[in-house]
Amino acid sequence: MNLFIFSNDLRIKDNKALYEASLDQNGLVALFIIDKTKNKNHGDSLAKLKLKLLGLEKITEPLSSLNISLKILYSKKISDEPGDILDFCKLHGIKKIFLNSEYPFNEKQRNKNLEKICHQHQISYREFNSQLINPDDVKNNSGLPFKVFTPYSKKIRSLMTQDILSETPAPLKQKNRTLDHDEIPKFQDAYDQELNFSFDDFPLTESSASQKLDDFIESSIQNYKKLRDIPCLSATSNLSSSFAIGLISSKQAINHVLESLPDENGTGQSAWITEIIWREFYKYITYHFSHVSKGKCFIPKYDHILWRDDEESFIKWCEGKTGVPIIDAAMRQLNERKWMHNRLRMITAMFLSKNLLVDWRKGERYFMENLIDGDFCSNNGGWQWSASTGVDASPYFRIFNPITQSEKFDPDGKFIKDFVPELLECSSNEIHNPSSETRLSLNYPEMIVDLKSSRLRAIDAFKSIK
Ligand SMILES: Cc1cc2nc3c(=O)[nH]c(=O)nc-3n(C[C@H](O)[C@H](O)[C@H](O)COP(=O)(O)OP(=O)(O)OC[C@H]3O[C@@H](n4cnc5c(N)ncnc54)[C@H](O)[C@@H]3O)c2cc1C
C-alpha cells in the first residue's frame, strides 16, 4: 500500500505527490498529522489550524470518490514524526511514501530524517517539488541563487513555458478502498482550544478557492495595480489563506489568469502574477538560505542590532493602542479578522521594527500567531523586508512615516473609522493625526512614540553596525 502525507497542499488537483502515489494502484492512504507541539512552537494561529481542519473535512468527499482513505496521525513533536510515521507504515503494510517538499528548516529536517528511516526499513520515499520551478533549477549567471527579486522574477518568467505551467493530472481512482476513513476530530479535541470565528470570507475547498479567483479575475484584476494599496477596498484577491493551506497552487493561479488575460507589462494581471512570484521567491530564499528559518537575519551583520526591550510598547502595538490611527486600525483588523491588508502589514511592521526599534522577530511571531494565512516564508520575508534585515529589503534609511502613508492610502480615513470607532467623529483632515484636544475628547491616546526622533534613532542603530 502507498502513503501520501499532507502538508500545506490540501487539494486533489495539481498535487504532484498525490498523483504519483496513485499511479501503481497499490491502494492509497492519505495521512494528516496533528502535532500540537510543532504548531505551538511554530506559532501557527488557531484560525489557520481550524481552517485546515475544516478543509480536511471537506476533502474527505473527493478522496472517498477516488477510493483514497484518510487517516489522522497524532504526533507529540516534530522530531517524533518520522518514527510515528514509520510505526503507522508498519501497522498498515505501507511500502511507499509520497510527499511534496516544504522549505522551512524544521520541515526539511523532518523529511530528511523520514527519508533515512525509510531507507533503513526498505520503504520507498519520494519527495516532489512543490514550487512553480524547482529552486535548484533557478540560478543566476554565476550558478548561484538569486538574492535580488527583479532578476529572479525575470528568470522565472523566462522559464514559464507551457511545459512548466502544465498542471499535474488528477490522481487515479484506486480499485478498492483499503482502509476506512478516520473521523476528523473536533477542533477543540485536536488542539485543546476553541475559536469562535466566521470562516465565510475564506474558502474551505479547492473549488471555492478557484471560484474566488475567477470572481477576482472578472471583477478586480484589471484595476489591481491601481487599487491594491487602498485598504478600505476589496481590491486584492484575499486568497492568501487558500495559498497557505494549499487549496490552490501558484501554477493553477497563474494559469487561471493567463486563460483570461495576457501577462503584459503594466497591467493588473501582470502585477498580480508578480505577487505570486514574490511568494515563490520567499520560499526559494528559505530553501537556499536556511539561516532565515533559525531566527537569523538574512544579512548576518544585522544580528548585532541592539533592539529595545520595550514590552509595554510592544503590547500596545499588538492591541492597536499606539495612538497612531492607521497602525491601530491595522492591528485591530488583524486581531478581529485574522487577516491584514498588505500595505498595512508593511506599515505596521516598519513601525514596530523602526519607530519602536523592537526586534522584528517579536512582530513576526505575533503575525504568525494571528494570521489565518500565516506562511513562514512569506511572513519572514515580509518582516525582514520591513526591518531592512532581509533579502532585497527596504533600505534602512527609507522609513515609512505612518501618517503620510495613512494620508496617501486612506485619504478619507474610511479604513481607520472601520476599525477605530473612537475616531468615528473625526474629520478627514484630522483623522490621520488628531490634535491633543481631539484625542482627549474622544478618549483616544497620544502617540506612544515621537515619529521624528524615533526615525533618527533607528537610522543610528543601523548605521552603527559596520
Ligand atoms: C510583514 C509582512 C508579513 C506578511 N506575512 C504573510 C504571511 O504570513 N502569509 C502570506 O501569505 N503573506 C504574507 N505577507 C504578504 C502579503 O501581505 C499577503 O500575501 C497579502 O496581503 C495577502 O492578501 P491577498 O491574498 O489579497 O493578496 P493579493 O494581493 O491578491 O496577492 C495574491 C497572492 O500573492 C501572494 N503575495 C502577495 N503579496 C505578497 C508578498 N508581499 N510576499 C509574498 N507573497 C505575496 C499571496 O499568496 C497572495 O494571496 C506578508 C507581508 C508583510 C509585509
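Residues numbered from 1 in each chain as written. Predicted model: local features only at pLDDT ≥ 70, side-chain atom pairs only at ≥ 80, totals over all residues.

Student: Give me the overall build of the protein chain: which residues, what numbers.
Tutor: For the protein chain, the helix and strand inventory stands at 23 helices and 5 strands. Since a compact globule built from 466 residues should have a radius of gyration of about 23 Å, the 23 Å found for the protein chain is in line with a globular shape. For the C-alpha atoms alone, the extent of the protein chain along its principal axes is close to 75 × 50 × 45 Å. Counting the 466 residues in the protein chain, one finds 43% classified as buried. Considering only contacts within the protein chain whose residues lie at least 6 apart along the sequence, 77% involve residues at least 24 apart. (Helix = DSSP H or I, 4+ residues; strand = E, 2+ residues; numbered from the N terminus. Rg over C-alpha atoms; globule rule 2.2 N^0.38 Å. Buried ≥ 20, exposed ≤ 12 C-beta atoms within 10 Å, placed from the backbone. Contact = placed C-beta atoms within 7 Å.)

Student: Mind laying out the environment of asparagine 113, listing which residues take part and the relevant values?
Tutor: Examined against the element boundaries, asparagine 113 turns out to sit in helix α5 (residues 105-120). Along the primary structure asparagine 113 and serine 69 are separated by 44 residues, whereas in three dimensions their C-alpha atoms are 25 Å apart.

Student: Hey, could you go over the pairing of strand β4 (residues 96-100) for me, with residue numbers and the actual values?
Tutor: A large share of β4 lies buried, amounting to 4 of its 5 residues. Direction of pairing for strand β1 (residues 2-5) relative to β4: parallel, over a ladder of 3 bridges. Within β4, the position partnered with asparagine 2 by the bridge is lysine 96. Running through α5, the crossover from β4 to the neighbouring parallel element strand β5 (residues 124-128) is right-handed. (Pairing = 2+ DSSP bridges. Right-handed = clockwise from strand over helix to strand, strands pointing away.)

Student: Kindly report on the pairing of strand β2 (residues 28-35), identifying the contributing residues and their values.
Tutor: Strand direction decides the pairing type here: β1 and β2, joined by 4 bridges, are parallel. In the sheet register, isoleucine 5 faces β2, and the bridge partner there is leucine 31. Sheet topology note: the β2/strand β3 (residues 68-75) ladder contains 8 bridges and is parallel. Within β3, the position partnered with phenylalanine 32 by the bridge is isoleucine 72.

Student: Break down the sheet that holds β3 for me, with residues and values.
Tutor: Pairing within the open sheet is parallel, and its 5 strands lie in the order β3-β2-β1-β4-β5. The open sheet has two edge strands, β3 and β5, and neither has a second partner. Shown here is a sheet whose adjacent strand axes are inclined to one another by a mean of 25°, direction ignored. Packed onto the sheet, helix α4 (residues 81-92) meets β1, β2 and β3 and runs at close to 140° relative to β3. In the packing of α5 onto the sheet, the strands contacted are β4 and β5, and the crossing angle to β5 comes to about 155°. (Axes fitted to C-alpha atoms, helices over the stretch in contact; angles between N-to-C directions.)

Student: Can you explain the environment of serine 234? Please cite residues and give values.
Tutor: If you trace the backbone, serine 234 turns up in the loop between α10 (224-227) and α11 (240-245). C-alpha separation for the pair serine 234 and histidine 341, spaced 107 residues apart in sequence, amounts to 9.5 Å.

Student: Give a detailed account of the site of the ligand, specifying residues and quantitative values.
Tutor: In the region of the ligand, 28 residues are neighbours, and Thr236, Ser237, Asn342, Asn379 and Gly382 sit closest. Listing elements by their share of the shell around the ligand, those giving two or more residues are α11, α13 (268-288), α16 (342-355) and α18 (376-386). Looking at side-chain class alone, the shell around the ligand contains 11 nonpolar, 11 polar and 6 charged residues. Among the domains, domain 2 (131-166 + 207-288) and domain 3 (300-463) are the pair contributing at least three residues each to the shell around the ligand. (Near = placed C-beta within 6 Å. Nonpolar A, V, L, I, M, F, W, Y, C, P; charged D, E, K, R; others polar. Domains from an automatic or database assignment.)

Student: Which residues make up the nonpolar core, and what are the values?
Tutor: Residues Leu3, Phe4 and Ala30 are the most contacted members of the largest nonpolar core, which totals 71 residues. A total of 9 residues in this core trace back to one element, the largest contributor, which is α13. (Core = buried A, V, L, I, M, F, W, Y, C linked by C-beta atoms within 7 Å.)

Student: Could you give me a rundown of the packing of helix α15 (residues 325-337) against helix α19 (residues 402-409), with the residues and numbers involved?
Tutor: The contact between α15 and α19 brings their axes to 8 Å, and the two run at 75°. In terms of axis orientation, α15 runs roughly perpendicular to α19. Across the interface between the two elements, Pro325, Ile326 and Ile327 from α15 touch Pro402, Gln405 and Ser406 from α19. Within the contact of α15 with α19, the residues separate by chemical class into 4 nonpolar, 2 polar and no charged. (Parallel < 35°, antiparallel > 145°, perpendicular 65-115°, else oblique.)

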